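One-letter residues, chain by chain:
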Amino acid sequence: MHRSFQAVIMRRSFSSALLLLVLALAMPAALPAQNLTLPMRQGSVKFAVIGDTGTGDNHQLAIAKQLTSSRATFPFDFVIMMGDNLYGGNSAKDYDKKFALPYKPLLDGGVKFYASLGNHDDPSERFYKLFNMNGERYYSFKPGNASVRFFALDSNYMDDKQLKWLDDQLAASGSDWKICFFHHPPYSSGEAHGSDTTLRDQVEPVFVKYGVNVVFTGHEHFYERIKPQKGIAYFIAGSSAKLREGNIGSSDLEAKGFDQGYTFMLVEITGDDMYYQTLSETGKTIDSGSVHRVGKVEPTPNRTAQPVVATGGATKGQTTGK
Amino acid sequence: MKVIRSFGVIALACATLAAPAAAQKKAAPKPPKPQISDATRQKAADTNANPEALVLVNFQKRVDAYMAIHKAAAKDSLPIKQTSNPAEIKAAQEALGAKIRAARADAKPGEILTPEIRNKFRRLMYPVVQGTAGRETKEELNEDIHERDEGIPKKVPLKVNATYPEGNPLPTTPPNVLLNLPKLPEELEYRILDKNLILRDVQANIIVDFIPNAIQ
């Protein structure tokens, strides 16, 4: 019994070492330089956004490597995850291969990961400490002393209990920036899934009522920046390990789309501006710009839409790629 | 010969034109008829209560009875707590599942979702899966379980006490469907797979009961 336990431990250590070796060999020794243009101001809130990551394959590893590399010049403190954190299983081996090992340099560097649940995630993932979900399917957190609060939702199961929680949390937030993230996109130009309108019907009125500024989602395996909807900036970041090439269809929703490569986002909030830069697995900038927050928004009883993102060039900045 | 061929062409054209109309007719199933047992009707008459409400009260009682089993099993099992060791999560989940299975070894389909409760649920879900909006809801249900490029999911056994297959996607339960169904304690959830509704124990990852052909 004891011997077989030792054998299991040895096998696991060996497979972990092998994976690290593959990771090291698969990546070029020196990555192409990333041209990071965010303001990179001291004291700002800096974070990264990844989605649909849990494959454990070379694409996930390539994005993980780029993330690690970008942190040298853009020292983000945490990463938000858009769900589908573990594809194909949730054994201890899956957690290692699809999360702990790819992001080991970041975890070792003290970066915190905040996960949300996708349709490929077992809700028991909420008990995994490194996902920082505190055992909850939906939760909120506030990084440091900044007036920013994040709300991680479980879009797989948006029942009235969760909606009530969201309403209460947003009402009590008091933060200038209210950022929601979850798996299914309420707006999307994707041909495989498209906009999740039933989800949108439930959450959008709450977002509008309390002046949610930005929403990050995944599920669609591409990057898309949606034109601001009812004053809210929407981003889809679901290609950090999976890709559906050519899946962005023509739609009026798209401000910028990229479905030709794997991506992740770097985001910085300073004052009333949120800067974003989306990079590919080769370190190329796919999209960049900023979202400007317009004043403080108070809830109104009639749930009237109040713009929190300035219209007409609010999401300004260069765009490259597709 | 020519006449026969022309007749054939005309017949084919008629059939082609008639097909969409026939398909349209098929796409609009009638709402399920209420099926309330004599016992429930009698109870409703005796207590001056609404029989429809009694069906839901009955469901709640059965859920409560299940939860008593779940809680007793959880008390004797490893607690599912936050951990950096994912093996502990899995072990706790499996231990709880084994205890519940042992306690419900004789459980049969329909023990919680009885025939009249199944009928009630079908009627509650009918409005949200019909028409244009309903079509979208059904599409969303289908997309999560049969995603392109995600491989073929394992067959989910429609069996009481069965484990929900590890690694299979968990199809999103659309919010409009959830809003129409009775509330559940946080240990339980509804999931819809193809046309079947599953009552799943989230913590133990087991199928507690199910409704075949819950949506039309």
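A quick note: this is a predicted structure, and the numbers were derived from the prediction, not measured.

1. Topic: the overall build of chain A
Counting its secondary structure elements, chain A contains six helices and 13 strands. Scored against the burial criterion, the 322 residues of chain A give a buried share of 61%. In chain A, the share of contacts with a sequence separation of at least 24, taken over all contacts with a separation of at least 6, comes to 69%. For chain A, the exposed surface amounts to about 12,000 Å²; the carbon and sulfur share of it is 53%.

2. A look at the nonpolar core
Of all hydrophobic cores here, the largest spans 61 residues; its most connected members are F47, I80, F181, F216, F235 and M274 of chain A. Setting aside anything within four residues of it in sequence, one finds F235 of chain A in contact with V214, V215, F216, T217, Y223, E224, R225, M265, M274, Y276 and V291 of chain A. Counting residues in each nonpolar core, the second largest holds 34 residues, with F59, I192, A204 and I206 of chain B among its members.

3. Describing the packing of helix α2 (residues 38-47) of chain B against helix α3 (residues 51-76) of chain B
Residues and elements named next belong to chain B. Put simply, α2 and α3 touch, their axes get as near as 9 Å, and they point 110 degrees apart. The angle between α2 and α3 places the two elements in the roughly perpendicular class. For the pair α2 and α3, the contacting residues are T40, K43, A44 and T47 in the first and P51, L54, V55 and K61 in the second. Tallied by class, the residues present in the contact of α2 with α3 amount to four nonpolar, two polar and two charged.

4. Quick word on the sheet that holds strand β2 (residues 196-201) of chain B
Across a sheet, strands are paired by hydrogen bonds formed along the backbone, either parallel or antiparallel in direction. Residue and element names in this part refer to chain B. Ordered by their spatial adjacency, three strands build an open sheet running β1-β2-β3, and the pairing between neighbours is antiparallel. Edge positions in the sheet fall to β1 (188-193) and β3 (206-211), since each of these pairs with one other strand and no more. The sheet shows a mean angle of 30 degrees between the axes of neighbouring strands, direction not considered. Its contacts with the sheet put α3 on β1, β2 and β3, and the angle it makes with β1 is roughly 115 degrees. Strands β1, β2 and β3 of the sheet are contacted by helix α5 (residues 115-125), whose axis makes an angle of about 75 degrees with β3.

Cut-offs applied
Residues numbered from 1 in each chain as written. Chains lettered and ligands numbered in written order. Predicted model: local features only at pLDDT ≥ 70, side-chain atom pairs only at ≥ 80, totals over all residues. Heavy atoms only, no water. Helix = DSSP H or I, 4+ residues; strand = E, 2+ residues; numbered from the N terminus. Buried < 20%, exposed > 50% of the residue type's maximum accessible area, 1.4 Å probe, protein only. Contact = heavy atoms within 4.5 Å. Areas by Shrake-Rupley, 256 points an atom, 1.4 Å probe, with all protein chains shown as cover. Core = buried A, V, L, I, M, F, W, Y, C linked by side-chain atoms within 4.5 Å. Axes fitted to C-alpha atoms, helices over the stretch in contact; angles between N-to-C directions. Parallel < 35°, antiparallel > 145°, perpendicular 65-115°, else oblique. Nonpolar A, V, L, I, M, F, W, Y, C, P; charged D, E, K, R; others polar. Pairing = 2+ DSSP bridges.

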